[in-house]
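# Secondary and tertiary structure notes
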Amino acid sequence: MKKLLMLISAIIIISGCEPGSVIDYDYTIVNDSGKTVILIPFLNGEKDLKNAIILNQGAKINKKYRYTPPGGAGYSMGNLLKSDYIAFVYDSAKINIFSIYSEQCTTCPSISNIGINIKYAENNRNPFNSKFNDEETEVYTITPEDYQNAQDCGGNCN
């Protein structure tokens, strides 16, 4: 009788627990800037050129990720770009560097001696900004305005 009560209790507990929902993430970056854009991640504060991604005009990168509870985690542009800092280099003439961190974070890892202004997560055009990381499907488009607003580096940004 005791075993039967334990079995019934286990069935009630198991049937009362809803399994977590599977979430499919689909993240894309599209280059509509009119320029070739090289995405260069930073590794330990230095440009990681071997993991750079070249996006010709009209090209895109896309990653899909399936979150299956209880393990794993959600997905974000940080996962897609595999870095906390990323440089967008436009035809080797202009550059934007984006950070996953807040400008107010004084204890976050940083990059130094680059001579280029970093756009932090609060920046409206930063791919790490929460507005590009809060849905299951996200599309970040690199625009002609991004190129126009990028910092000139004298033709040698790589």
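Here, every reference points to the structure presented above.
Quick look at the structure, then.

Criteria and thresholds
Sequence order as written defines residue numbering, which begins from 1 separately in each chain. Side-chain atom pairs in this predicted model are given and counted only at pLDDT of 80 or more, local residue features only at pLDDT of at least 70, and totals for whole chains, interfaces and linings cover all residues. Hydrogen atoms and water are omitted, and side-chain values are computed over all heavy atoms in the structure. The way it works is that DSSP assigns letters per residue, a run of H or I at least four long becomes a helix, a run of E at least two long becomes a strand, and they are numbered from the N terminus. Partly exposed describes any residue whose relative accessible area lies between the buried limit of under 20% and the exposed limit of over 50%, with all areas from a 1.4 Å probe on protein chains only and scaled to the type maximum. Contact definition: two residues touch when any of their heavy atoms are within 4.5 Å. Only the protein chains shown count as covering a residue, and every accessible area follows the Shrake-Rupley method with a 1.4 Å probe. In the analysis that follows, any N or O atom pair within 3.5 Å is treated as a polar contact, provided that within protein one partner can donate a hydrogen and the other can accept it, and provided that, for residues neighboring in sequence, both atoms belong to side chains. Any pair of cysteine sulfurs within 2.5 Å is marked as a disulfide. Stacked, tilted and edge-to-face are the three classes applied to pairs of Phe, Tyr and Trp rings, where Trp contributes its six-membered ring and a pair requires centres within 6.5 Å; stacked means planes under 30 degrees apart, edge-to-face means over 60, and tilted covers the rest. Here, a charge over a ring is recorded when the distance from Lys NZ or Arg CZ to the ring centre is within 6 Å and its angle to the ring normal is within 35 degrees.

### A word on the overall build of the chain
A count of helical and extended segments in the chain gives 3 helices and 10 strands. Reading the chain from its N end, one meets helices and strands in the order α-β-β-β-β-β-α-β-β-β-β-α-β. Residues counted as buried form 35% of the 158 residues belonging to the chain. For the chain, restricting intrachain contacts to residue pairs at least 6 apart in sequence, the fraction spanning at least 24 positions comes to 63%. With the model as given, the accessible surface of the chain reaches about 9,600 Å², and the carbon-plus-sulfur share is 52%.

### Considerations on the side chain of Ser 76
With respect to the secondary-structure elements, Ser 76 resides in the loop between β5 (60-67) and α2 (77-81). Polar side-chain contacts of Ser 76 include one of 3.2 Å to the backbone nitrogen of Gly 78. If we skip the residues at most four places from it in the chain, Ser 76 touches Tyr 27 and Asn 133.

### So, the environment of Leu 81
With respect to the secondary-structure elements, Leu 81 resides in helix α2. Look at Leu 81 and you get buried, because its relative accessible area is 4%. As a C-alpha pair, Leu 81 and Asn 51 span 30 residues in sequence and 9.7 Å in three-dimensional space.

### Regarding unusual backbone geometry
The amide bond that connects Pro 69 to the next residue, Pro 70, takes the cis arrangement and shows omega of 5°. Along the polypeptide, Pro 70 turns up in the loop between β5 and α2. The phi torsion at Asp 91 lies on the positive side, around 45°, for a residue other than glycine. Along the polypeptide, Asp 91 turns up in the loop between β6 (85-90) and β7 (94-99). For Asp 91, a relative accessible area of 41% gives the class partly exposed. Residues other than glycine seldom take positive phi values, yet Ser 92 does so here, at roughly 60°.

### Considerations on the state of the cysteines
Under the definition given, this model contains 2 disulfides. Along the chain, the cysteines engaged in disulfide bonds are linked according to the scheme 1-2, 3-4 when indexed in sequence order.

### Considering the packing of aromatic side chains
In this structure the tally under the stated criterion is 10 aromatic pairs. Pairing Tyr 27 with Tyr 75 gives two aromatic rings, centres 5.3 Å apart and planes at 80°, and the pair type is edge-to-face. Of the two residues, Tyr 27 sits in strand β1 (residues 23-31) while Tyr 75 sits in the loop between β5 and α2, which places them 48 residues apart along the sequence. Per residue, the accessibility class of Tyr 27 equals that of Tyr 75, and both read buried. Three or more aromatic residues link up through ring pairs in this structure, and these residues are Tyr 25, Tyr 27, Tyr 65 and Tyr 75. Note that Lys 35 overlies the ring of Tyr 147, its terminal NZ or CZ placed 4.7 Å from the centroid.

Scope: geometric values only; no functional claims are made or implied.
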